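Listed below, chain by chain, are the residues.
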Amino acid sequence: MNTRCLLLAALLLAGCDEPDKAVTRATADGRLSLSLEAEKNWLHPGEILPVRVRVESLAGPLAHGLVDTLKFVANNGTLAPALLVVAFAGTADSAAVGVERVYENWIYFAASARATPQNQGEINALFQDSQALLKIRITPPAESL
């Protein structure tokens, strides 16, 4: 009986992993990577968390330019902005406008004022065929501790 209780407790604790502060996913062709990074992985309801967004050409500068939209969807909060336009300049086109290898920008996640510790904030980033999911733990408001 004691062994079963220990096994059950271990399984429950294994399922309670802390969210990561950063996630990175590559496109299916492996040419580009998409990253989301925050300073912390938790917020109180109503707080705002800046998140660095990074799209990188893994093979160096692209031969042909690329302009595409990076879309965001949030759960248990809101995002500003909800999309970014990513532009890479191509080496074959001298008139192309955009970054050479790494695009970086910021988005801001505001945790819902109605969120509870049972909720989890999420930022889904969609770029080409890549999807990155950053999870954010919602903690009790400071005044309730």
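What you see is a predicted model; the values in this text were computed from it and never measured.

Student: What should I look at first to understand the overall build of the protein in this one?
Tutor: Helix and strand counts for the protein stand at one helix and 10 strands. Seen in sequence order, the protein has helices and strands lined up from the N terminus as α-β-β-β-β-β-β-β-β-β-β. Sorting the 145 residues of the protein into buried and exposed places 34% on the buried side. For the protein, contacts bridging at least 24 residues in sequence account for 60% of all contacts bridging at least 6.

Student: Can you help me understand the pairing of strand β5 (residues 66-75) in this one?
Tutor: When a strand is regular, its side chains alternate between the sheet's two faces. Of the pairings in the sheet, the one linking β5 to strand β7 (residues 83-88) comprises six bridges and is antiparallel in character. Each residue of the ladder has a partner; that of Asp68, found in β7, is Val86. Relative to strand β9 (residues 120-127), β5 runs antiparallel, the two sharing five bridges. Considered in β9, the bridge of Lys71 is made with Leu126.

Student: Just checking my understanding: could you explain the side chain of Asn124 for this structure?
Tutor: Turning to its location among the elements, Asn124 is positioned in strand β9. Among the polar contacts made by the side chain of Asn124, one reaches the side chain of Gln131 at a distance of 3.0 Å. Contact partners of Asn124, with chain neighbours within four places excluded, come to Lys71, Phe72, Val73, Asn75, Gln131, Ala132 and Leu133.

Student: Can you walk me through the packing of aromatic side chains in this structure?
Tutor: Two aromatic rings are characterised by how far apart their centres lie and by the angle between their planes. In this structure the tally under the stated criterion is zero aromatic pairs. Over the ring of Trp42 we find Lys40; its NZ or CZ atom is 4.0 Å from the centre of that ring.

Student: Looking at this structure, I do not really get the nonpolar core. What am I missing?
Tutor: For soluble globular proteins, nonpolar side chains are generally found buried alongside one another. By size, the foremost hydrophobic cluster in this structure holds 30 residues, and its most contacted members are Leu36, Leu70, Phe72 and Ile123. Listed by contribution, the elements that provide at least two residues to this core are β2 (32-38), β4 (48-57), β5, β7, β8 (102-111), β9 and β10 (130-138). Those residues within four positions of Ile123 in sequence are excluded, and the remaining contacts are Leu36, Val51, Phe72, Val73, Leu79, Ile107, Phe109, Ala132, Leu133, Leu134 and Ile136.

Cut-offs applied
Residues numbered from 1 in each chain as written. Predicted model: local features only at pLDDT ≥ 70, side-chain atom pairs only at ≥ 80, totals over all residues. Heavy atoms only, no water. Helix = DSSP H or I, 4+ residues; strand = E, 2+ residues; numbered from the N terminus. Buried < 20%, exposed > 50% of the residue type's maximum accessible area, 1.4 Å probe, protein only. Contact = heavy atoms within 4.5 Å. Pairing = 2+ DSSP bridges. Polar contact = N/O pair within 3.5 Å; in protein donor to acceptor, adjacent residues only side chain to side chain. Phe/Tyr/Trp six-rings, centres within 6.5 Å; stacked < 30°, edge-to-face > 60°. Lys NZ or Arg CZ within 6 Å of the ring centre and 35° of its normal. Core = buried A, V, L, I, M, F, W, Y, C linked by side-chain atoms within 4.5 Å.

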